[in-house]
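# Coordinate analysis (summary)
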Amino acid sequence: MLNNGLCGYASSPEVDSGSSSERHYDQRNEARYQAVHNPAVRSTRITVPKRRQSPPPLLPKASPSYHGTSPQGRSVVVSNESGSLPPLPPKASSSNHETRPRQRNVVIFGESGSGKSSVINAITQTQLAETSSDATGCTFSYQCYPVEISGQRYVLFDTAGLNEGSTGAVPAAKAEKELKRLLRGLMSPGSDGIGLLVYCVRSTRARQALIRNYDLFYSVICRKKVPIVVVVTGLENETDMRGWWYANAKEFKSRGMYFQDHACVTTLHKHAGISDVFTRRIAESREIVRNLVVNNCSEWAVDNTWFKQSFADAQYVMRHNWNSERSSPSTLIICGSSLKEEEDLVRFGGETYRVCPVSPPESTSSAGGGHEGDLLIYYAHADTLSVARQTFREFYTAYRGNMVPVVVVVKGLNDRKSARQWVERHIMHHGAGLLFSTFSPAGDLGDNSLRRQAEQDLQDLIKQSCLIRGVVKGGGVLKRFARFKLLGWL
């Protein structure tokens, strides 16, 4: 077992126990597959990418916008052309350096038996993490595994989620103690903060705990400031592992779960006597999950303010058996729009929001007007570069943009790709983590369809990027609803 000194804490032995259960499970899977599908196996041709002798370094793709285009050369298939599939969250931010000397923390979480340890072993290409189909880890307990990929150092946090293990509920005091250890481990001084969330799920599972763990790690702990990707395991018996996503992506959207990227893989272990079909799928899966980490990792700086806020919110979730539903309208703080500075309750997409238009702060020391936002929306004019950058920094600082998701709407552009590139070039800064972006077409365009598209994109983006918190915020609830049209913002 690897020592966890890199994270500054001792290892938690209760996270993983045993090493033979998953291997026996893999052998049974193979035998069942051969018995049922042997003729098909002989006739099925599986395309495997040719392996280069000296592969070029894989570098994180800098792309902090809301879009659905896969980076060139990615091994993971992303489906976003059909309107039935969920809109993808934005790409991660990255520094301009090809590699950084500081490590990037990657949090890998999911229920027991979801294949977390096997995914870690696939990323590290060694048997570092012990595997078991019925691990009994305490909620938030973790183990750390360092790995270097293409010159960049990562630390993988194998983390237990809610309802982990077979022994039932975990005592709240013990879970809260482990939560503090986890948060402090993610604040290690030698790291760039939190870079990526990797959610491991088995293909056959669809439970309420799936949603709770998603919201707990993505919204409550990481504040939707880092990318989240999903690794679907247990697909070795599928005729087309990658094709599984096309048939099931809508299930994630219907449960309110959106991912920046995905991988559909097998976590079987290679052993003597395994068929060539499974051998190829194992090799392909290892390459896919490694690319998934490299292509999506970001840099989000965390501090003591984050520690206190995230711990308090997660503590509330555990003590009140939170069901991932909003207990009060989410607050949208909007800067640079054409709205009057009057608070209103508005409703769209089945959700109610509290809209708070604000003027650009006069300086970075502005107090933020006492508002506590669940989403910041900043409107920038594409042709006012220096003003937009300075005003954004002041708005970001005044309204705690380091703790709240941020959407940048670029006026005067006509597509998401252009907006993403503009934000990358003129707004993004180191440590900001994830920035969502979209566009607002020029006002003199006669094409209303483009404006309607921009309105729908913004509406979808608000729904998926807004924080979900069970804690009721102060300030009272307004008694009136506004007639709401997003076109008024654009």
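Described in the following lines is the structure provided in the data block. (Residues numbered from 1 in each chain as written. Predicted model: local features only at pLDDT ≥ 70, side-chain atom pairs only at ≥ 80, totals over all residues. Heavy atoms only, no water.)

Right, let's get into the pairing of strand E10 (residues 375-381). Across the 7 residues of E10, 6 count as buried, placing the element largely inside the fold. The sheet contact formed by strand E7 (residues 330-335) and E10 spans 4 bridges and is parallel. Paired with Ile333 across the strands is Leu376, a residue of E10. Sheet topology places E10 next to strand E11 (residues 406-411); 6 bridges connect them, and they run parallel. By the bridge assignment for E11, Tyr378 is matched with Val408. (Buried < 20%, exposed > 50% of the residue type's maximum accessible area, 1.4 Å probe, protein only. Helix = DSSP H or I, 4+ residues; strand = E, 2+ residues; numbered from the N terminus. Pairing = 2+ DSSP bridges.)

On to the side chain of Gln103. Turning to its location among the elements, Gln103 is positioned in strand E1 (residues 103-110). Within the local environment of Gln103, its side chain forms a polar contact with the side chain of Ser188, the two groups lying 3.4 Å apart. (Polar contact = N/O pair within 3.5 Å; in protein donor to acceptor, adjacent residues only side chain to side chain.)

Turning our attention to the sheet that holds E11. In space, the 6 strands of this open sheet follow the order E8-E9-E7-E10-E11-E12, with mixed pairing throughout. Only two strands of the sheet have a single neighbouring strand rather than two, namely strand E8 (344-348) and strand E12 (436-440). Strand-to-strand twist in this sheet, taken as the mean axis angle between neighbours without regard to direction, amounts to 30 degrees. Note: E7 against strand E9 (residues 351-358), 6 bridges, orientation parallel. Counterpart to Ser330 in the pairing with E9 is Tyr353. Relative to E12, helix H9 (residues 416-426) is tilted by about 125 degrees, and along the sheet it contacts E10, E11 and E12. (Axes fitted to C-alpha atoms, helices over the stretch in contact; angles between N-to-C directions. Contact = heavy atoms within 4.5 Å.)

For the rest of this paragraph, the subject is the sheet that holds strand E3 (residues 152-160). Reading across from one edge, E2-E3-E1-E4-E5-E6 is the order of the 6 strands in this open sheet, with mixed pairing throughout. Every interior strand has two partners, whereas the edge strands, strand E2 (142-149) and strand E6 (261-264), have only one. Between one strand axis and the next, the sheet turns by 25 degrees as a mean value, whatever way the strands run. By the bridge criterion, 7 bridges tie E1 to E3 in an arrangement that is parallel. Counted as the bridge partner of Arg104 is Tyr154 from E3. Along the sheet, helix H2 (residues 116-124) makes contact with E1, E2, E3, strand E4 (191-202) and strand E5 (228-233), crossing E3 at roughly 170 degrees.

Although it is not a glycine, Gln125 sits at a positive phi angle of roughly 60 degrees. With respect to the element layout, Gln125 can be found in the loop between H2 and E2. The class for Gln125 is partly exposed, based on a relative accessible area of 46%. In the Ramachandran plot, Lys224 falls in the positive-phi region, its phi being about 55 degrees despite a non-glycine side chain. Relative to the elements of secondary structure, Lys224 occurs in the loop between helix H4 (208-221) and E5.

To continue, consider the pattern of salt bridges. When the charged atoms of two side chains with opposite charge come close together, those side chains can pair. Tallied over the full model, the rule gives 6 salt bridges. Between Glu178 and Arg181 there is a salt bridge whose closest N-O contact spans 2.6 Å. Of this pair, Glu178 and Arg181 both sit in helix H3 (residues 172-186), 3 residues apart, roughly one helical turn. Taking relative accessible area as the criterion, Arg181 reaches 15% and is therefore assigned buried. Put simply, Arg242 and Glu284 hold a salt bridge, and the shortest N to O gap is 3.1 Å. Remark: Glu284 occurs in helix H6 (residues 276-296) and Arg242 occurs in the loop between E5 and helix H5 (243-254); sequence separation between them is 42 residues. (Salt bridge = Lys/Arg side-chain N within 4 Å of Asp/Glu carboxyl O.)

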